[in-house]
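# Residue-level structural notes
The chain contents come next:
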Amino acid sequence: MIFKTAIIVLLAASLASSSNAQISPEEHASHHPGQSQGGEPPDAQSSGTPNPGPAGGMGGPGGMMGGGMGGMMEGMMEKMGAPKPKQIYPQLMALPDLPMEQRAAIEQEAHLRMIEGTKLLAQGLDELTRAAPTNHFDAMQSATAKMREGLAQFESGLAAHRAIAEGKAPQNVALQWFKREMNLLPPPGTQHTGFRLWGMTLFHTLLMVVLVLFAVAMIAMYFFKMRRASALLEKLAMAETANGPATEMALPANSPPSNASTASSSSTNAKDAAKSSAAMAADCCDNSEETCPSNEKATDRSDISEGLLPIRKKKLCRLRVARIDQETPDVKTFRLVACHGGGIPFSYLPGQFLTLKLPVGEKPIRRSYTISSSPTQGYYCEITVKREEYGTGSRFLHDQVKVGDTLEVQAPSGKFVFTGKESEDIVLIGGGVGITPMMSVTRALTDMAWNGDIYFIVACHDPEHFIFESKLRRLQERHDNLHIFVAMSRIKEDINGYRKARLSRELLTEWVPSIAAKRIHICGPPAMMDAVKEMLMELDVPPENIHSENFGGEQKPRVRAEQRAKIAETDIAETGGTVTFSKSAKSTEFQPDETILEASERVGVDIDYSCRIGTCGVCIVKLLSGKVSMEVEDGLEPEEKKLGMILSCQAKSTGSVAVEA
């Protein structure tokens, strides 16, 4: 009860001080005799909406709500069920600046609002005091609502009084109310001081300047990058024009010329793909002994193909085994993909081989395997490997490598290639696993829709050992220019079109018309290739039309080295000169027809090697003194020859030599 009394006293004091500063109801009535002393009737006052008053007043015509329009709107709102407005601020928002003679009416109206608001506050407080001890929640809620309504009326009247007393425009009073409701006013007692630009403080101004400068810098950087990219593409286009299409895989001579704009667009896309592949390929080489260069110049040699990512010879990159297919009981195909998920980091020509660095034993070994897939498939390459009983590399691949493993590979090389440009037709003769390079050539030519005739001749034991049998059949069904002939030595009778016979001169004449005028590729076991070459010579095929690649077993070089060691022990053979290995501080006398690589194996000098036929270039060493002869020098770059480098697998000498090994 004491709290209630204190609230009423405070409100009454505020009302008294406010009313003393303004005119009394009697003074107002003397100026406006047509208006009653009491102002609004009690029901109108309690509603919180003033009665229509004199012109320019809160409710009069032309006043705060536009006369009867305000009452009409209030009536419509009541019929629609909306609550009546309880504050005078929205009405002040629509008023023009008041003339002096209308201020008395507003002061009178504001005074009545303050009185009514005080009554509602008192009633609500009294009801709340009675309801609180009884825990009557509905009554308490009704009492607080009545107190809020009274406070709103009191504040609206007080605001109107203050506006009149301070000479403020009603619109400004309403605007201040709106800002206060939206929490847009600064804390009490604070003032806007210091630098301000368009209403912003110094901090906000600096922040906006930084954001604008950042946006300008990003736009400038974008245009700068676009100009650099345009200049680079133009430079690449000029370089390609100057170098010519030597790095592309050759197309048939009767292919129609491509549209210039299409070629330019394809070149641009290829260069962009090269940059992307180069960036991604670096991640694949982190664990390699040698890194993949992304900006090195490709070799000028014809047997090293330039691809999407130029990789210099002898550099290694890591590929992932994505798939392993069992072709025959002792032959598997390994599909290799880039470990970064994009295209493989090199290109190759059909018939080239891939050199793998395999972690076998204490020191990794290198082995070369011909690629059996088509270079038109840029996202993978495949090698097809026969498991040799004494082949260290092939046994490792067959017995230990599984899908998901990664292998270090060297960029493809080799000159045993056919792209369709070299001849109008081609005869491919493959024996055993020697069918591998022939499969790559056939796949590439059919992918390119090459128009020449392809005579594919296979020599094997039986259907079980016919590598790629089903794949070749599907290709033959789709391409009329592919002619497949098979000779099997261990079948009892002709079956499924396969001839029961060894490959012979008669079969070659039957299967290939005008064979003497054809270009012929042979690959297989050494004995088989020697026999086929003899047959072709008898058929008057010019030697320049016969192309072959040694496909001997992996164990033979090691066996040959062991045989030479036995010969050296017996001292029954004439020896040549002496070979000295400078780094190892070892020397030995050459055995007859012995290479430096074979001599190094006899005395335990470690020289790395792969193909042993002079094409891969892995066994390269520097000749320090003396002279050597080499039957094959394909694995050497012209600049390497100038520096005195030799291929140890090919180098022989009858005098004394010294090498850096």
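Being a predicted model, the structure only gives us computed values, none of them experimental.

Now for the packing of aromatic side chains. The geometry of an aromatic ring pair is captured by two quantities: the separation of the ring centres and the angle between the planes. For the coordinates displayed, the defined rule picks out 4 aromatic pairs. An angle of 15 degrees between the planes, with centres 5.2 Å apart, marks the rings of Phe485 and Trp511 as stacked. One end of the pair, Phe485, is in strand E11 (residues 482-488); the other, Trp511, is in helix H14 (residues 505-511), and 26 residues separate them in sequence. When its relative accessible area of 21% is taken as the criterion, Phe485 is described as partly exposed. Taking relative accessible area as the criterion, Trp511 reaches 7% and is therefore assigned buried. The ring of Tyr380 has Arg335 sitting right over it, with the charged end atom 3.8 Å from the ring centre. Lying over the aromatic face of Phe468, Arg443 brings its terminal NZ or CZ to 5.5 Å of the ring centre.

What follows is about the environment of Asp126. Relative to the helices and strands, Asp126 is located in helix H6 (residues 103-131). Along the sequence, Asp126 and Met147 sit 21 residues apart, while their C-alpha atoms lie 9.9 Å from each other.

Right, let's get into the pattern of salt bridges. What the rule picks out here adds up to 20 salt bridges. Residue Glu327 is joined to Lys471 by a salt bridge in which the shortest nitrogen-to-oxygen separation is 3.3 Å. Separated by 144 residues along the polypeptide, Glu327 in strand E3 (residues 316-328) and Lys471 in helix H13 (residues 469-478) bring together distant segments of the chain. Its salt-bridge partner being Arg505, residue Glu538 comes within 3.0 Å of it at the nearest N-O pair. Of the two residues, Glu538 is situated in helix H15 (residues 526-538) and Arg505 in helix H14; the sequence distance between them amounts to 33 residues. Taking the relative accessible area as the measure of exposure, Glu538 reaches 43% and is therefore partly exposed. Residue Arg505 is classed as partly exposed on the basis of its relative accessible area, which comes to 33%. Among the charged side chains, a salt-bridge network with shared partners connects Arg335, Glu382 and Arg443.

Okay, the confidence of the model for the protein next. Summarising the model, the protein shows a mean pLDDT of 75, and 64% of its residues fall at 70 or more. Across residues 9-25, confidence stays below pLDDT 50; counting only partners more than four residues off in sequence or on other chains, it has 21 contacts. Within the model, pLDDT remains below 50 along residues 242-268, and this stretch shows 19 contacts once partners closer than five positions in the same chain are excluded.

Ordered in space as E12-E11-E10-E9-E13-E14, the 6 strands form an open sheet in which the pairing is parallel. Since the sheet does not close on itself, it has two edges, and those belong to strand E12 (499-500) and strand E14 (546-550), each with one partner. Bridge count for strand E13 (residues 519-524) against E14 is 5 bridges, and the pairing is parallel. Paired with His521 across the strands is His547, a residue of E14. The strands touched by H13 within the sheet are strand E10 (454-460) and E11, with E11 carrying the most contacts at an inclination of about 145 degrees.

Among the 8 residues in strand E4 (residues 331-338), 7 count as buried, and that is most of the element. Here 6 bridges tie E4 to strand E7 (residues 381-386), and the two strands are oriented antiparallel to one another. Paired with Val331 across the bridge in E7 is Lys386.

All told, the structure shown has 0 disulfides when counted by the stated rule. Cys649 forms no disulfide, and the closest cysteine sulfur to it belongs to Cys619, at a distance of 3.5 Å. The class of Cys649 is buried, set by a relative accessible area of 8%.

Criteria and thresholds
Residues numbered from 1 in each chain as written. Predicted model: local features only at pLDDT ≥ 70, side-chain atom pairs only at ≥ 80, totals over all residues. Heavy atoms only, no water. Phe/Tyr/Trp six-rings, centres within 6.5 Å; stacked < 30°, edge-to-face > 60°. Helix = DSSP H or I, 4+ residues; strand = E, 2+ residues; numbered from the N terminus. Buried < 20%, exposed > 50% of the residue type's maximum accessible area, 1.4 Å probe, protein only. Lys NZ or Arg CZ within 6 Å of the ring centre and 35° of its normal. Salt bridge = Lys/Arg side-chain N within 4 Å of Asp/Glu carboxyl O. pLDDT = per-residue confidence, 0-100. Contact = heavy atoms within 4.5 Å. Pairing = 2+ DSSP bridges. Axes fitted to C-alpha atoms, helices over the stretch in contact; angles between N-to-C directions. Disulfide = S-S within 2.5 Å.

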